[in-house]
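Next come the chains, spelled out residue by residue.
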Amino acid sequence: MHETASQEAITSLHDLSAIDLIAGFRAKQFSPSEVLEDVLTHVAAWEPHIKALYAYDPDRARMVAAASTERWDKGEPMGALDGVPVTIKDNVATKGQPVPLGAASVKLVPSPVDAPPAARLREAGAVIFSKTTMPDYGMLSSGLSSFHPLTRNPWDLSKNPGGSSAGAGAAGAAGYGPLHLGTDIGGSVRLPACWCGLVALKPSLGRIPVDPPYVGRVAGPMTRTVDDTALMMSVLSKPDRRDGMSLPPDSINWKTLEKSPRKLRLGLMLDLGVGQALEKPVREVAVKAAKAFEAAGAVVTEIDGILTRAMLDGLDDFWRARMWDDLSKLSPEERSKALPYIAQWAERGAKLSGVDVIRGFNMTMAIRAAAAKLFCDLDYVISPVSPVVNFGAELASPINDPEKPFEHICYTVPWNMAENPAVSINGGYDGNGFPIGVQIIGRRFDDIGVLAMAKAFEGLRGAQRPWPSPPKT
């Protein structure tokens, strides 16, 4: 494990929240240019060890930060994030840069436009200084990629940061500024947040417009605090007509996070009956979180999971077929460049019948029905994010078996298919000081309520450990 940062280092500019940075800009305590330089210096110390970044462009970021500094000097910020450093995941298109999807098999073609989340961040004045790494096609919960270098976890370089928003998770834990954008179709912002000690929201489907849209796929903020996640949501949730699955514009006040757990009905979801067994330290952290809510006046009841073996296997079949459809369009030479784990997993998709694939897809409807029934009697659900504390940096997944690819996402994937908002927030640590996340799930469209519950938990859980500091060279 790495040494944690001293209390003095935590006051560095790169460690400040976006909320505090904006307040500092307004008070002229420091400028966006000064903040960016501090972040870039910190990146230089960390990046050789964790390899979290792709399309890193400090020179262009300096120009953007300088323009922001001029605006703040005049008292005329252009948006809610003016001057705040931000990273964006590889698969969220940014104008003029290729979108490799973490895969060496993908042709590198510069995007002509920003995708909706990138456009909203840029319009708000964010200083986008880099994109972040991901595994091939976003189909792994790992920092392993055929295109990017291996991304490692700042809390322990021998461990995986998780994925598929691998670089975003590592960058957030390492202190590459306060705001990071990921995507999530089965746990891809929540799992790295869990293993990197961050807050990450998987919003209700359509709350943040994306392009291209897809079943269960969302973009989501990854930050160190709930307030910063809410601040990002106030920007990212603005409408964009390119997403035909987006929700109508809503007048959500993302600053109203006050919510008492008193008398709320909470379900504690522990043993699912499917997937990897729940490790003891993870169970203890989830139970402790539930007890904290109970002590604050919530009514907590232990509940069964909603995912079944048939549901998980059906999703596996559907996604294998979907992945094979993409790979089958490539030449044999191009296909050979994909990560062997992904190619091996997808190949069985070619052998599935049309009925097999439809049955698999229809499991999303079964999951939606089960989730709707569950929330008839509950306000929120508390659960682990991952069943395991951590796994090796070089592995594609905790089990590392393409025939059992999704045993570790059984706590996260149901809420993508059911479209419920779910947040991962650090709940504690194992005996070696490695972070363990807790998940809070709400009813469809109750994104602000889920964040408010996470904010309440921030106050209930007590002090957190200092963030890791760069290895000594």
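The structure presented is a predicted model; accordingly, all values stated were derived computationally and were not measured.

Caption draft 1: Representation of the overall build of the protein chain in the model. Tallying secondary structure elements over the protein chain gives 15 helices and 11 strands in all. Taking 473 residues into account, the globule formula puts the C-alpha radius of gyration at 23 Å, and the protein chain, at 21 Å, falls close to it. A principal-axis box enclosing the C-alpha atoms of the protein chain has dimensions of 60 × 60 × 45 Å. Put simply, the protein chain has 473 residues, and 60% of those count as buried. Sequence-distant contacts in the protein chain: of pairs separated by 6 or more residues, those separated by 24 or more amount to 79%. Approximately 17800 Å² of the protein chain is accessible, and the part contributed by carbon and sulfur atoms is 53%. If you average the places of the 50 positive and of the 53 negative side-chain charges in the protein chain, the two averages end up 3 Å apart.

Caption draft 2: Main features of the pattern of salt bridges. Using the criterion set out here, one finds 28 salt bridges in the structure. Across the pair K455 and D227 runs a salt bridge whose closest N-O atoms are separated by 2.9 Å. On the criterion of sequence distance, the pair formed by K455 in helix α15 (residues 447–461) and D227 in helix α8 (residues 226–236) is long-range, its members being 228 residues apart. A relative accessible area of 29% places D227 in the partly exposed class.

Caption draft 3: Fine view of helix α5 (residues 116–123). With six of its eight residues buried, α5 lies for the most part within the structure. Along α5, the residues that are buried comprise P116, P117, A118, A119, R120 and L121. One or two steps after α5, the chain reaches G125, where phi turns positive at roughly 90 degrees.

Caption draft 4: Fine view of the sheet that holds strand β1 (residues 53–54). In spatial order, the strands read β1-β3-β2-β4-β6-β5-β10-β11-β9-β7-β8; together these 11 strands make up an open sheet with mixed pairing. Two strands bound the open sheet, and with one partner strand each, they are β1 and β8 (299–303). Summarising the sheet, strand β7 (residues 265–269) and strand β9 (residues 380–384) pair through three bridges and their orientation is parallel. Within β9, the residue paired with L266 across the bridge is Y380.

Caption draft 5: Highlighting the packing of aromatic side chains. In this structure the tally under the stated criterion is 12 aromatic pairs. Taken together, a centroid distance of 5.7 Å and an interplanar angle of 50 degrees make the contact between F25 and W72 tilted. Here the residue F25 occupies a position in helix α2 (residues 18–26), and W72 occupies one in helix α4 (residues 58–73), the gap between them amounting to 47 residues. Residue classification places F25 among the buried residues on the basis of a relative accessible area of 2%. In this structure an aromatic cluster arises from ring pairing among F25, F30 and W72. Against the face of Y214 rests R322, its NZ or CZ located 3.9 Å from the ring centre. For R465, the ring lying beneath its charged end belongs to Y429, and the centroid distance is 5.0 Å.

Caption draft 6: The confidence of the model for the protein chain, seen in detail. Counting all residues, the mean pLDDT for the protein chain is 96, and 98% of those residues have values of 70 or more. Long-range and interchain partners of residues 4–10, a stretch whose pLDDT sits below 50, account for 14 contacts in this model, where long-range means more than four residues apart.

Caption draft 7: Spotlight on the side chain of N416. Here N416 shows up in helix α14 (residues 413–418). In this structure N416 comes out as buried when scored by relative accessible area, which is 1%. A polar side-chain atom of N416 sits 3.4 Å from the main-chain carbonyl oxygen of I185. Leave out the neighbours within four places in its chain, and N416 touches D184, I185, G186, G187, R190, K202 and G216.

Caption draft 8: Examining the environment of V235 more closely. Inspection of the secondary structure assignment puts V235 in helix α8. Beyond its immediate stretch of four places on either side in the chain, V235 contacts A80, L81, R120, L121 and A124.

Caption draft 9: Summary view of the side chain of D82. Checked against the element boundaries, D82 lands in the loop between α4 and β2 (85–89). Of note is the side chain of D82, whose polar atom sits 2.7 Å from the side chain of S68. Among the polar contacts listed, one links the side chain of D82 to the backbone nitrogen of M78, at a separation of 2.7 Å. Once you skip the residues sitting within four places of it in the chain, D82 turns out to touch I22, F25, S68, R71, W72, P77, A124 and G125.

Caption draft 10: Just the environment of W155, in detail. Relative to the assigned elements, W155 resides in the loop between β3 (127–132) and α6 (166–174). In sequence terms W155 and P281 are 126 residues apart; their C-alpha atoms lie 17 Å from each other. Of the polar contacts made by the side chain of W155, one reaches the backbone oxygen of C196; its length is 2.9 Å.

Caption draft 11: A look at the pairing of strand β10 (residues 422–429). Counting buried residues along β10, eight of its eight residues qualify, which places the element largely inside the surrounding structure. Across three bridges, the pairing between strand β5 (residues 199–202) and β10 is antiparallel. Bridging from a neighbouring strand, A200 pairs with S424 of β10. Bridging between β10 and strand β11 (residues 435–442) involves seven bridges; their strand directions are antiparallel. Residue pairing across strands places G428 opposite I436, the latter belonging to β11. Counted between consecutive antiparallel strands, the loop separating β10 from β11 contains five residues, among which G433 sits at a positive phi close to 85 degrees.

Caption draft 12: Representation of the environment of G172. As for its placement among the helices and strands, G172 is situated in helix α6. Using a relative accessible area of 3% as the deciding quantity, one classes G172 as buried. Linking G172 and P261, residues 89 residues apart in sequence, is a C-alpha distance of 28 Å. Excluding anything up to four places from it in sequence, G172 contacts H180, L198 and R224.

Procedures and definitions
- Residues numbered from 1 in each chain as written.
- Predicted model: local features only at pLDDT ≥ 70, side-chain atom pairs only at ≥ 80, totals over all residues.
- Heavy atoms only, no water.
- Helix = DSSP H or I, 4+ residues; strand = E, 2+ residues; numbered from the N terminus.
- Rg over C-alpha atoms; globule rule 2.2 N^0.38 Å.
- Buried < 20%, exposed > 50% of the residue type's maximum accessible area, 1.4 Å probe, protein only.
- Contact = heavy atoms within 4.5 Å.
- Areas by Shrake-Rupley, 256 points an atom, 1.4 Å probe, with all protein chains shown as cover.
- Lys, Arg positive; Asp, Glu negative; His and termini not counted.
- Charge placed at Lys NZ, Arg CZ, Asp CG, Glu CD.
- Salt bridge = Lys/Arg side-chain N within 4 Å of Asp/Glu carboxyl O.
- Pairing = 2+ DSSP bridges.
- Phe/Tyr/Trp six-rings, centres within 6.5 Å; stacked < 30°, edge-to-face > 60°.
- Lys NZ or Arg CZ within 6 Å of the ring centre and 35° of its normal.
- pLDDT = per-residue confidence, 0-100.
- Polar contact = N/O pair within 3.5 Å; in protein donor to acceptor, adjacent residues only side chain to side chain.

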